[in-house]
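Descriptive structure summary
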Amino acid sequence: MMQESRIYHLLSKYLDQTISAEESRELRLLVNESDDDELSVHLSHLWKETRPMDALDEDLVADMFTGIEKRTRRNRVALLSRKLARIAAILLIPLLSLLSAYLYFSAHIQDEEAGELIVSADRGERAGVVLPDGTKVRLNAESRLSYMPDFGKERRKVNLEGEAYFEVTKNAEKPFVVHTGYLDIEVLGTCFNVYAYDEEDVIEMALVSGKIKIVTCSEPSRTVLLSPNEKALFHKSSGDISVVNTDNRFETAWLKGDLVFHSVPLREVIEKLSRKYGVNIHLDDPSLANDIFTGNFDGEHVTDAMELLKKHYRFTYEIRGKEVYIE
């Protein structure tokens, strides 16, 4: 209840244009964690209290909302009732653009040079989008998804940097392709997770349901087929690709805000914790950095994770703003 009141308070400040930068970041995180029904209730209350549409052409706004509803299908905007159309058009669209963009459905949001539509999640954030074909994509922190405005007309292709979970709408005539720079992942209709950060050597693709075909972009081109509960590992440095069995509860834990590790070096744990919480964690002890760690983190704040590690490794730490120093 307290969190719901906080969201409403921050939404009000956003509408009044009195929200601070720190409050904007807090609101972004709260909206990403809220479900659709909760958000629509808050917007409904705001509409009743503020009625911000008096000076605008209501027919024009109605047309805008109708177009949005057709493009987005079952997403947060479509779940709003007709009586929320006016506030959705002038509040929800810019709000969600600001708040790590849960929906990027308008051709106005595009790269000026390449003409691409871009969805991104900053460090410490998550975001999501419903593509024009109904495909749902969830982005993890420091991730970027791009696609052309004509997506779905002749082909369905997106470019990914970072980590994303896909629920692809089935269309046998138009395979869905995810391009990572090193690999093309082709599907018809399925759910899968892709881990492809530029700075890391290994790209991972875990299949939840359906089937996917992975094709390497470098010569000689190789093709790998995945079945559910399998994961493909591609090493950029060597070009090797392999398939292993996996537990999808582990692969998709980040969707719930959790991080799960099984026998990985602590330096990798630190890197992913930094990305999740939007901080820089400094670990200068090489022996500690190479220690093998198994465990999971489900706390909402970096202090939760640091306290868990502190108990395990018996170190001390200090947090200074966005910097965390392990001593």
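This text gives an overview of the structure that appears in the document. Here the structure is a predicted model, which means the values were calculated and not measured.

Turning our eyes to something else, we now look at the sheet that holds strand β17 (residues 317–320). Ordered by their spatial adjacency, 3 strands build an open sheet running β15-β18-β17, and the pairing between neighbours is mixed. Each of the sheet's edge strands pairs with one partner strand only, and the pair in question is β15 (280–282) and β17. Strand-to-strand twist of the sheet, defined as the mean angle between neighbouring strand axes without regard to direction, takes the value 15°. Along the sheet, helix α10 (residues 302–313) contacts β15, β17 and β18 (323–326); its crossing angle with β17, the most-contacted strand, is approximately 165°.

Okay, the pairing of strand β3 (residues 136–139) next. A one-sided burial pattern is seen for β3, the buried positions being Val-137 and Leu-139 and the unburied ones Lys-136 and Arg-138. Two elements, strand β2 (residues 127–130) and β3, share 4 bridges in a ladder whose sense is antiparallel. Considered in β3, the bridge of Val-130 is made with Lys-136. The antiparallel pairing of β2 with β3 creates a hairpin that spans 5 residues between the two strands, and Gly-134 there sits at a positive phi of about 95°. Where β3 meets strand β5 (residues 156–167), 4 bridges bridge the pair, whose relative direction is antiparallel. Within β5, the residue paired with Lys-136 across the bridge is Glu-167.

The rules behind each value
- Residues numbered from 1 in each chain as written.
- Predicted model: local features only at pLDDT ≥ 70, side-chain atom pairs only at ≥ 80, totals over all residues.
- Heavy atoms only, no water.
- Pairing = 2+ DSSP bridges.
- Helix = DSSP H or I, 4+ residues; strand = E, 2+ residues; numbered from the N terminus.
- Axes fitted to C-alpha atoms, helices over the stretch in contact; angles between N-to-C directions.
- Contact = heavy atoms within 4.5 Å.
- Buried < 20%, exposed > 50% of the residue type's maximum accessible area, 1.4 Å probe, protein only.

The analysis is restricted to geometry; functional conclusions fall outside its scope.
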